[in-house]
Every structure is written in structure tokens, then in C-alpha cells.
Amino acid sequence: MYDFHSPIANGFARVAAANIPIKVGDPAANAISIIEAANLASEAGANVVVFQELTLVGVTADDLLFQDTLHEECEAAVETIKQASVDWPLVALFGTPLRVSGKTLNAAVAVTRGQIAGIWFDPVQNDPMRKRWFSSRSDASAAYSVILDQPLFVAGEIPLTVQDVPGLSISVQLQEPIDYQMQARHGVSLVANLGGAPAFAGTARHRLARAREASRTTKLAVVYAGAGEGESTTDYAWDGQAFIAEAGEVLAQNDRFGSGLRLTYADIDLARLQAEHKLLSPAQEEMFASQQVRVQPRGDWTLERRLPRFPYLDTDPGLWESDLEDMFDLQVQALMRRLEATGNPHPVIGISGGLDSTLALLVCVEAMERMGRPLTDILTFTMPGFATTSHTKNNATKLCEVLGTTFEVIDIRDTARQMLADMGHPFGRGEEVYDVTFENVQAGLRTDFLFRIANGRRGLVIGTGDYSELMLGWCTFGVGDHMSHYSVNPGVPKTLMQHLIRWIMASNRFGEDVNDTLDSILNTEITPELIPTREGEEAQSTQAMTGPYALQDFNAYYLVYLGLSPELTAFRALNAWSNADEGVWPAGLEGVDRAEFDLQQILTWERVFLRRFFTNQFKRSTLANGPRVLEGANLSPRGGLMLASDLSPAPWLARIDKLADSLGIELEKR
């Protein structure tokens, strides 16, 4: 039965890298340390614990490896560890020399629940000294260990699949470099590297950088445990490096020169990794064989990892500024190319005083400056309707005037009133009927004006709608803000748009006068301004109808981009958004902008997201051209999101309702 509060049920696993003080050439003593470390890892809820290469003897055992006594002691130590593992709810991976048919192999042994789950050996000995002690693959003709009564596998070829930890498939590695691409093709989620290389200045930094980048490009998790304390320093030094990385993020690393028994933990998101694999290889991974095991994992541990609230940003806050600059530059470059390809027309853009049109205008200004064209070539229009406030109109006016664009005001109220009257709409007879027709007449007229102006002035209508609005279907279809000649924002989620504008302000790209207006726009309630309000009434709020953009952008990433279930998405949202005092916030978000949500709110708005997403696919099927600027944000029907327009959200909504019922939560079904 699914347990919403269980990290394992929601696609997470806890892994550990172990450092123990090695006693070179003393398998019995090292076995005691392995057992102690595995016991501690078990108590902490770990599903995997990884030790260094040749854990039972040390990587500096050297010619002791020729001694029969050492091998007999290793066999006894393996048996001791196996017997001790009967209550371990995890896989322990440790290294040992293994003698098979007169050949000595550099091996890794996996034990759990009183059994050996698998044995892997290093197939290639590139180092001349290693060849002195260990056989290579070509020498090891035997495929079976009589001593341990187990088949032998080549390290990196046959993964170990933990059947009762969903998504956990482990590739055992004993050498570097590692072919991470091959592991990804084989469906591996975790690369367990039993390290044994000596330390030199800079090697730890380079190893971590390689593993981090490899995990990013292949969407894998990597756990590394290196040789350290206790190894002989006759000719080399050792640092005991240990780290855990996932999909480009370093989740944990140790103090390399610490002492004593130490465990480095991290919780890895296996469900995310599986989803990322499918995106990398839509035809699915190759069929592969694997060794199977069950560990009967503990389910009483709590996720200690804090997931990012804004998953479209890099997990390293130090890279946010660079990524935001890239996004803006990509938008600018895309617009420049489209203008060049269409004979350098005038950008025609409607300015509302809101976030979307503001960013689109800044992209146009930057493009004009890079192309050496006057900013007066940008034709900007604000088109007040029945609910336009002086605040937003003033922001739109001031922004255009300070930037130096050609600017005009077109009041659409008379035209809208005439159209509504001609249609026989009650508003045309003076009645206060503010329905969707009333709203869309205004939205459609604004777009109609822009297209006809573009016809008459050799212009190109620049779309302003963003990724979040398109995901939720929050746009007027056809002759409305859904359509343009070229759109610059379709790959920018609303939350990142706010971060982008803050970055533009911080970089002082357009000057202090522009920054003042941008600050006012950022602090304005997001509203379509289509329905008039009386004194004392609250203004129309977009997020009151579609849900908080912070949550809906989160839902878009996990539900649509990764394709996770509603339950797994809700679990992640609760982790990320339940406590505003925890986790990392982007600069500029303070006070009430640091929102938090309880599970009832999360499920309510997730339900709204799914209903709106499914029922508005027809709008995304006919999108205007526009650039994709983020890896996880692409709704283009031309290879981004290919869905039929008449699908039903019923199965997804039913799962949210079932989850809410199981947790005793009453949902408002909007």
C-alpha cells in the first residue's frame, strides 16, 4: 500500500559513503569496522553503503597479496560480514582480493540480509604494479567463485537491482575513468565507485568535478568512497575523499582528512533520475540483465534533503546569475535572428504594465541596441480597457518613455463597447455583466489592433505570453494574447521572469530610471485587469484563479516535464514549500514573497493545474514561434510537447482525490 509519508514510496533512497581506519593486511579488524559502519548506516535508514577499494586488506597491502594466509583471512572475514548482515536493511559494498582458480581478482562484494548479493571484479589492470598482483579479465577464465558460491560479474557490466527500493539499480565500479554513458544506457541510477587511488594536489577537486559533470549529462547519482586513513604512506599519501552527487548537484561530501569511522549521507531522487533517463533516451534504455536482490528497507526515516523551490534554476545558487543572463541573451539572440530573417521590421508590442510585456520590451530594446537600430523603431502601445488602473497605465507609459521607444495610447473602451452592443451582449445595453465574452472582447481587440498596426507600419507583432500562462491555458485563443508573429517569452516560467527582472535591475543594464519602474511593476499584483471593480472590492487576481505561480511552475516541472505522478509531485512540493524558513531563496525575495503552502493548498492547486493543463492543450497545439531557453521548459508542438487536444484529466484528478481522502483532507474542487 502506498505511504505518502515514506521517502522510499515516493522515489527516494538514502545512500552512504563510508570511511573507516584501515588496518593494512588485517581482514578481521577491517571486517569489524565494516560491520560497525554498516550497523550505523542501517540505523540511519540507508539503503546502500559503499566502502573503499580492497576494504578488507587496504590498497597498500602490496605483496601481502601473494600470501595464502591473507586470502584465507579474507574468506573468513567475508563470511563474518555476511553473517552480521542478517538484519541490515541495506546493501553493503566493500572490496576484497578474491582468489579464483589460482588467479587473484580485485573484487567488490555486496552483502545484505545474511547473503552475498553479488561479486564484481576489476577487468583491466592498467597500472604495472597492479598487474603484479591482480589478474585481468582475459586471465580470469573462471566465471564462478567456488569459495563464495557466487557467479562473478565484470565491474560496470551487470548492475545490482534492489527490487524493493523502486528505481535503485547500482553499477559497481573499481576503476576510473568510468563510462557513465554506458551505465545510463543500461538503466543504472546509482554508480558506486569503490576508490583506491592515492591523493595528489588537485586530484580530489578534479575527481569531484568529473563526477558532477558526468552525473549531470547522464542523469545519474554517484557515490564515491576513497582510500584514506590507515593506508601506508611509504610512497603515497591518502585523503579518504567521499562524496555523493546527483544529476550535476553535489549532495554531500566529507572532510577528506578527518579521522575515525565516518559516514557521508545523502538522499537521492531516484524517480527524478528515471524520468530524466527517459527524456535523454525517449526510445527507452537498452534491455539489460541485472543481479536482483531484496533488502527489506526501513520505512521510518525522514527525508533530510530540502528540494529546490524553483527547479528551473540550477541547484547551485552561485550559478543563478549566469543562468539568468544566458536566458536573457538567448531571448535577445532569437529575436534578432527573426527580425533579420523578416527584413528588419518594426517590433510591435503591447505594454500593459505587467511582468510579461515588460520583459518582452526589454528583450526588444536589447536586440535593437545590438543591431544598431534606433529604439524609436520599437512601436509600443498601451491599450487601456474597462478595468485598467492608473497604476499599471502609468508604469507602462513611464517604461516606454524612459526607454525611448515610439509610444502611443489606444483606448479600446469605445471599440469594445460597440462590439459588445453589436453582438447583443448585455453590457452593450448598460448592464454590468462581466463574463468571459466581456473579457475576451478586450483581449482580442488589443491583439487585433497590434496585428493591423503591424500590417500598416511594416511591423512584427511580438508576443509576450509566458510558459506558465501557456501551461495553464491562461490566454485568449486565436485573435488574443495567444497569438503573435513571434513570441519571446514562451520558454520563461513566470517565477523565473520575476528573477530575470530582478537580475536586470541588479545589473543596472538600463539605468536607474528604468529600475524604479521595474521595481514598481514587480510589486504589482498579477492581474488581467479585464473586470471593473467597485470601491472596496478586491481587484481581479490571476493567481486566485490559476493558483500561485510558484506552485504551478513547480507542478509544471514535475508533472509535465518529468512526468511524475500527482502523488510523487505533491510529496516534493510539500518538502520544498512547507517551511519558508528553510532552504535557499533567490536574492530579492523577502517577507511575504517567501511563501509557504500546506498539503491541502498543494493538492488543491495541483488539481487546478492538471484540469487546466489537459483542457487547454488545443491552445498549445497552435503556438506561435518562440525560443526555448531552458532545458525543462518547452511547449512547442513542433517537438516540445506533442499531445492530442482532446485528452481527459480524469485519471490524474482521481489520484489526487484518492490521496486527499486517504490523508483526511477535504479539497475544494475548482
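Everything discussed here concerns the structure shown above.
This report concerns the structure included in the present document.

Definitions and cut-offs
- Residues numbered from 1 in each chain as written.
- Predicted model: local features only at pLDDT ≥ 70, side-chain atom pairs only at ≥ 80, totals over all residues.
- Heavy atoms only, no water.
- Axes fitted to C-alpha atoms, helices over the stretch in contact; angles between N-to-C directions.
- Helix = DSSP H or I, 4+ residues; strand = E, 2+ residues; numbered from the N terminus.
- Parallel < 35°, antiparallel > 145°, perpendicular 65-115°, else oblique.
- Contact = heavy atoms within 4.5 Å.
- Nonpolar A, V, L, I, M, F, W, Y, C, P; charged D, E, K, R; others polar.
- Left-handed = near helix turned anticlockwise from the far one by under 90°.
- Buried < 20%, exposed > 50% of the residue type's maximum accessible area, 1.4 Å probe, protein only.
- Core = buried A, V, L, I, M, F, W, Y, C linked by side-chain atoms within 4.5 Å.
- Pairing = 2+ DSSP bridges.
- Expected span 1.5 Å × (residues − 1).

Close contact between helix α18 (residues 599-615) and helix α20 (residues 650-662) brings their axes to 10 Å; oriented N to C, the two are set at 170°. Here α20 runs roughly antiparallel to α18, going by the angle between their axes. In contact with Leu603, Glu606, Arg607, Leu610, Arg611 and Phe614 of α18, α20 contributes Trp652, Leu653, Ile656, Asp657, Leu659 and Ala660. Taken together, the residues of the contact of α18 with α20 sort by class into eight nonpolar, no polar and four charged.

Time to look at the packing of helix α8 (residues 355-371) against helix α13 (residues 494-507). Running from amino to carboxyl end, α8 crosses α13 at an angle of 50°, the nearest separation of the two axes being 10 Å. By the criterion of interaxial angle, the relationship of α8 to α13 is oblique. With respect to the hand of their crossing, α8 and α13 are arranged in left-handed fashion. On the side of α8, the interface is formed by Leu355, Asp356, Thr358, Leu359 and Leu362, while α13 contributes Lys494, Met497, Gln498, Leu500, Ile501 and Ile504.

Right, let's talk about the environment of Gly664 for a bit. You can see Gly664 is positioned in the segment after α20. Here Gly664 falls in the exposed class, since its relative accessible area comes to 67%. In this structure, the C-alpha to C-alpha distance between Gly664 and Leu70, residues 594 residues apart in sequence, is 60 Å.

Attention shifts here to unusual backbone geometry. The omega angle of the peptide bond from Glu176 to Pro177 is 0°, so this bond is cis rather than trans. Considering the arrangement of structural elements, one finds Pro177 in the loop between β9 (169-173) and α4 (180-185). Positive phi, normally seen in glycine, also occurs at Leu54, with a value near 50°. Mapped onto the secondary structure, Leu54 falls in the loop between β2 (48-50) and α2 (68-84). Unusually for a residue other than glycine, Arg458 sits at a positive phi of about 50°. Tracing the backbone through its elements, the reader meets Arg458 in the loop between α11 (436-456) and β19 (459-463). A relative accessible area of 49% places Arg458 in the partly exposed class.

One finds Phe328, Leu335, Leu361, Trp577, Leu603 and Phe609 to be the most contacted residues of the largest nonpolar core, which totals 105 residues. Not counting residues up to four positions away in its chain, the partners in contact with Trp577 are Arg309, Phe310, Ala550, Leu551, Phe554, Trp585, Ala595, Glu596 and Phe597. Membership of the second largest hydrophobic core comes to 44 residues, among which are Ile35, Leu56, Leu98 and Val111.

Quick look at the sheet that holds β19 now. Pairing in this open sheet of five strands is parallel, and the strands run β18-β17-β16-β19-β20 from one edge to the other. The two strands at the open ends of the sheet, each matched to only one other strand, are β18 (406-409) and β20 (486-487). Sheet strands in contact with α11 are β16 (346-350), β17 (379-382) and β19, and its direction is about 155° off that of β19.

Another aspect to go through is the environment of Ala41. As for its placement among the helices and strands, Ala41 is situated in helix α1 (residues 27-43). A relative accessible area of 0% places Ala41 in the buried class. Sequence-distant contacts of Ala41, defined by excluding residues within four places in its chain, comprise Ala46, Val49, Leu90, Leu263 and Tyr265.

This paragraph deals with the sheet that holds strand β8 (residues 160-162). With mixed pairing, seven strands are arranged side by side in an open sheet as β13-β12-β11-β10-β9-β8-β15. Of all the strands in the sheet, just β13 (249-253) and β15 (291-293) have a single pairing partner and so form its edges. Strand after strand, the sheet turns through a mean of 20° between neighbouring axes, direction not considered. With three bridges joining them, β8 and β15 adopt parallel strand pairing. Among the inter-strand pairings, Val162 is bridged to a residue of β15, identified as Val293. Of the strands in this sheet, β11 (221-225), β12 (242-246) and β13 are in contact with helix α5 (residues 203-218), which crosses β12 at around 20°.

Spanning 22 residues, helix α7 (residues 320-341) covers 32 Å between terminal C-alpha atoms, matching the ideal 32 Å at 1.5 Å per step. Within the sequence span of α7, burial applies to Trp320, Leu324, Met327, Phe328, Gln331, Val332, Ala334, Leu335, Met336 and Leu339. Just beyond α7, the residue with positive phi is Gly343, at close to 85°.

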